[in-house]
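Chain by chain, the residues run as shown.
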Amino acid sequence: MSLAASLIPRDLMPIYEKVLQDQRLDAQDGIKLLESHDLFAIGTIANEARKRRVGDYVYFNNNAHINYSNICALSKVCKFCAFGKQNGLDPEGYTYTIEQMVEKAKAYARLGVTEFHMVGGLHPDMPFAYYTDFLSAIKQAVPQAHLKCFTAVEIDFFTRKFKMPAEEVLLRLREAGHGSMTGGGAEMFHPEVHNVLCRGKMSGERYLEIHRIAHNLGVRTTCTMLYGHIEKPYHVVDHMLKIRALQDETGGESAFIPLAFHPTNTDLAHLPGPTGHYDLKIIAVARLLLDNIKAIKSYWVMISPRIAQVSLAFGANDIDGTVREEKIYHFAGATTPMLQEQNDLLRLIREAGRIPAERDTLYNILRVHDQAAV
Ligand code: V47
């Protein structure tokens, strides 16, 4: 028996054997893993799956988040969100002008940023031209940058507000310089959870439909799951398997990012939020169930650089990027930093015994940092 196998308890052994035989796990396997407290065993199985499927590279990129506005028509709907503000009623509400967006983009481009991650609230008043104009103005100012913008929730909002099918919205955004979509807004698909977290918001089915439409147009997306609130293991498994089924169909998801719920300043502030143990378990289960998504991303802003680093031994192979500016999580009281310099990311990855691979948004490798730090 190998050292790894000796760490696996009897009840998880069939799952480990499936991984060794490259067999797909099912819903019951997912629930068994989530119900187990044997984190080392779960991590060992996930790490084995990671090694077999994607090797030793850990991806990161030089990115900057720019949240164009926090004015949101859903600010009273999404109980988990502290970012969205009511139009005209909240002193913390803001909307950047196109000039402000361009200035930010130019300043970040001087720091070597290759990707702008731009999402915002559902602004009830801005015209469609606001979005296409900021895309084209930024693209003109920083032509080399990839504009990873808008969640499925924003795209769905644009279809209703501007009375266009999703295909047309996406094609017009693409003409203006849009590159790919972000994965936010998925929350948790299961109606039992969705109805408590955000009753009245776009459904999980619609999120998946928007992603399907995007993939069919050749627009890549990432996908997410908000965890650590009221969910049970079967809700987590349901969410992941729905994403897996879509990925079987289209192959358009480049990464899965579990988002750790931060309760401060939200309507769910009475909840404690996830622990480090659960963060690691979720990453591991994502690696194991999502056998068709190559990048399982640990978003250090939400789980801290330390847990993100440890998660590299639990199935993760992507540590997001430099980020630089983050509002959604910090409005919810996050105390994590907003910036990790490239050297910080390299150190986290190297100390975990892995190889840092700097990537672009679409996972083309720009540089493998395989030399020791200087
Ligand atoms: O859509 C909102 C979530 C998302 C809270 O695509 C919260 O590569 C935790 O989607 N606690 C935005 N989460 C972040 C996001 C993201 C981040 C990094 C990478 C990518 C990617 C996407 O954050 C929102 C919502 O689902 N969120 N409020 C909160 N209190």
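Our subject is the structure that appears above.
Thresholds applied
- Residues numbered from 1 in each chain as written.
- Predicted model: local features only at pLDDT ≥ 70, side-chain atom pairs only at ≥ 80, totals over all residues.
- Heavy atoms only, no water.
- Salt bridge = Lys/Arg side-chain N within 4 Å of Asp/Glu carboxyl O.
- Helix = DSSP H or I, 4+ residues; strand = E, 2+ residues; numbered from the N terminus.
- Near = heavy atom within 4 Å.
- Polar contact = N/O pair within 3.5 Å; in protein donor to acceptor, adjacent residues only side chain to side chain.
- Areas by Shrake-Rupley, 256 points an atom, 1.4 Å probe, with all protein chains shown as cover.
- Nonpolar A, V, L, I, M, F, W, Y, C, P; charged D, E, K, R; others polar.
- Expected span 1.5 Å × (residues − 1).
- Buried < 20%, exposed > 50% of the residue type's maximum accessible area, 1.4 Å probe, protein only.
- Contact = heavy atoms within 4.5 Å.

(A) Spotlight on the pattern of salt bridges. Counted according to the given criterion, the structure contains 21 salt bridges. Arg52 is the partner of Asp22 in a salt bridge, and the nearest nitrogen-oxygen pair spans 3.2 Å. In this pair, Asp22 is assigned in the loop between helix 2 (13-20) and helix 3 (27-35) and Arg52 in helix 4 (residues 39-54), connecting sequence segments 30 residues apart. Across the salt bridge formed by Glu325 and Lys327, the nearest N and O atoms sit 3.5 Å from each other.

(B) Quick peek at the site of the ligand. What surrounds the ligand is a group of 24 residues, the closest being Phe80, Lys148, Glu187, Thr222 and Lys297. Lys148 places a polar side-chain atom, nitrogen or oxygen, 2.7 Å from an oxygen atom of the ligand. Relative to its unbound accessible surface of 610 Å², the ligand loses 96% to contact with the protein. At the level of elements, strand 5 (221-227), strand 6 (253-260) and helix 14 (328-331) are the ones that each hand at least two residues to the shell around the ligand. Counting residues per element, the shell around the ligand draws most heavily on strand 6, which supplies three residues. When the residues that make up the shell around the ligand are grouped by side-chain class, the tally is twelve nonpolar, eight polar and four charged.

(C) Highlighting helix 10 (residues 204-216). Taking 1.5 Å per residue, 13 residues should reach 18 Å; helix 10 reaches 18 Å between its end C-alpha atoms and fits that length. Those residues of helix 10 not exposed but buried are Gly204, Arg206, Tyr207, Leu208, Ile210, His211, Ile213, Ala214 and His215. Packed against the buried residues of helix 10 are helix 7 (152-161), helix 8 (166-176), strand 5, helix 11 (233-250) and strand 6. Just downstream of helix 10, Gly218 is the residue with a positive phi angle, here 85°.

(D) How the structure looks around the side chain of His211. Along the chain, His211 falls in helix 10. Within the structure, the side chain of His211 is placed 2.8 Å from the side chain of Glu253, a separation counted as a polar contact. Once residues within four sequence positions are removed from consideration, His211 is found in contact with Ala152, Met181, Thr182, Thr221, Thr222, Cys223, Leu246 and Glu253.

(E) Quick peek at the environment of Ala352. Structurally, Ala352 can be placed in the loop between helix 15 (342-351) and strand 9 (355-359). The class of Ala352 is partly exposed, set by a relative accessible area of 34%. Note: C-alpha distance between Ala352 and Val119 (233 residues apart in sequence) is 31 Å. For Ala352, the contacting residues outside a window of four places in its chain are Gln309 and Leu312.

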